[in-house]
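# Coordinates in review
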Amino acid sequence: MSEVTVSTAHGVLVGRTSGDVSAFRGIPYAAPPFGELRMRPPRPPASWDGPRDATEYGPSAPQPGYGPAMAHLLEEAGPQGEDCLRLNVWTPAPGRTGGSLPVMVFVHGGAFRNGAGSLALYDGSRLAAGGVVCVTLNYRLGAEGFLLLPDGTANLGLLDQIAALRWVRENIAAFGGDPDNVTVFGQSAGAISVTALMTMPDARGLFRRAITQSGAGHHVHTPDTGRRITERLAALAGVPCTTDALASVAPDVLVAADAALGQEIAASREPHLWGESAGGGTTVLPVVDGVTLPSRPVDAMAAGAGAEIDLMTGTTTDEFRLFAVPLGITHRIDDTVLKGFLAGFGLPADRAHAVYTRAAAPDATPGDVFSDVMTDHGYRIPAIRVAENRARHGAETYVYAFARPTGAADGALGACHMAELPFVFGTLDTSLGDRRPDAEALSDHIRAAWISFARDGRPAPPHGARTWRPYAPDRTVLRIDGDTAAEVHDPAAERRNLWEGRR
């Protein structure tokens, strides 16, 4: 390894080169969002004199971590701290000012309450080795980042992401990247964020392309739900519901209050009060405040927002099994409970039960079928709605379905939420990674598809597929299986038709 330097608008950074890729870690893209800046929009970082070490990751945003059921599957973020608005850059061309490499900026997931750009899963070395400049970032989480505050401030976590994109626009050429060819990609909460960014006025012009993995445009809160969550969280934290009072609470107290609120929402007998957070899988979400986020992203896209941005989107085929299996949900569902959920989603319960049961494996339990329903409701149908809405405005969308089961949990998780991430980053030795003999080749193909999309807006068909056409007009989806990939016309059409006029 050797040291390498790059000059940015705020000072000189010293990174480290290994092989053909140089890494610069822990770069501040905004001032620490605490003290006088707590619960305020991000401010520019301070400049520094002399070379600054950029070989170690910076602090993660305050967060609760994962409970026992998930902790063995998901990587915890590193040490937390106030100076958490940091990003990391991997590049094959450090110091090449005015560079021409495509740039890929990743927004991590974690239900808007966990995660960091520094996780080993998101190491950008392999993507950079493929000819892009890869950036990962932290943003404010939980109550720090996504409350609708009493003074009207909202979506601070999204504003952090926009600040990071502005830093990229101003500085990425020094790392060899083309500031006019930026692709923002994200997974889960990160994909929800990216979909929101596509419709936010403040993000306009900061990126050219987007990739959304297992997250789309439905998961936001109305102002009423946002205010209800803020009021309840303030009560649980033991302070008046004012911005100043919330900003005075220790971060760990807010994190604990948010966890308590999640338990309340999960046990609520009035789920309509909590909007998209009903069920307790998350508490805070981006809020449609009418200013930073003018409308629900899927609705904004129906009106043409973001049509100028190239988009690739997709889901895994067994998304919800990541949560249902470790938490024991699949064993607690019988046909009566299943039909109750179907009716609660506004579906004709008997017909929907028959459709989903018929489509499931012969030995599927009601819990397995429930997982299929939740996968459609939370992930697949929202992604389809985005593609449909964009098609009305002539905007092409490339859609994939990742169907290769993970080997984690003895295969019980199937092709669950996050299963594609180790293949995208080439980090196959991480917790949800894949060490089977053919995994490396599949990862190479998937990375090549993501990189080609970032380069010119056309994903190279991976893993033996001959073509990958946009979703419309034929509802074309590229299905990526264990040993092949191929276009499929309108997969699970009968299930999709159940949701017409809904979701």
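Reading guide: rules and limits
Throughout this description, residue numbers start from 1 for each chain and increase along the sequence as written. The predicted origin of the model limits local features to residues at a pLDDT of at least 70 and limits the giving and counting of side-chain atom pairs to 80 or more, whereas totals for whole chains, interfaces and linings rest on all residues. Side-chain numbers come from the whole structure's heavy atoms, not from hydrogens or water. By definition here, a salt bridge exists when the distance from a side-chain nitrogen of Lys or Arg to a carboxyl oxygen of Asp or Glu is within 4 Å. Secondary structure follows DSSP: runs of H or I at least 4 residues long count as helices, runs of E at least 2 residues long count as strands, and numbering of each begins at the N terminus. Exposed residues in this analysis have more than 50% of their type's maximum accessible area, buried residues have under 20%, and partly exposed residues fall in between, with area computed by a 1.4 Å probe over protein chains only.

### Description of the pattern of salt bridges
- On inspection of all chains with the given rule, the structure shows 31 salt bridges.
- Here Asp151 and Arg40 are joined by a salt bridge, their closest N and O atoms 4.0 Å apart. Pair noted here: Asp151 is in the loop between helix H3 (142-146) and helix H4 (156-171) and Arg40 is in the loop between strand S3 (21-28) and strand S4 (52-53), with a separation of 111 residues, a long-range link.
- Judged by its relative accessible area of 25%, Arg40 falls in the partly exposed class.
- Its salt-bridge partner being Asp224, residue Arg227 comes within 2.8 Å of it at the nearest N-O pair. Taken as a pair, Arg227 and Asp224 lie in helix H6 (residues 223-237) at a separation of 3 residues, close to a single helical turn.

### Considerations on unusual backbone geometry
- The omega torsion of the bond from Ala472 to Pro473 falls at 10°, within 30 degrees of zero and hence cis.
- With respect to the element layout, Pro473 can be found in the loop between helix H15 (439-456) and strand S12 (476-480).
- One non-glycine residue, Ala111, lies in the positive phi region at around 60°.
- Given a relative accessible area of 27%, Ala111 falls into the partly exposed group.
- With phi around 85°, Met418 is a residue other than glycine that occupies positive phi space.
- Mapped onto the fold, Met418 is located in the loop between strand S11 (397-402) and helix H14 (421-425).

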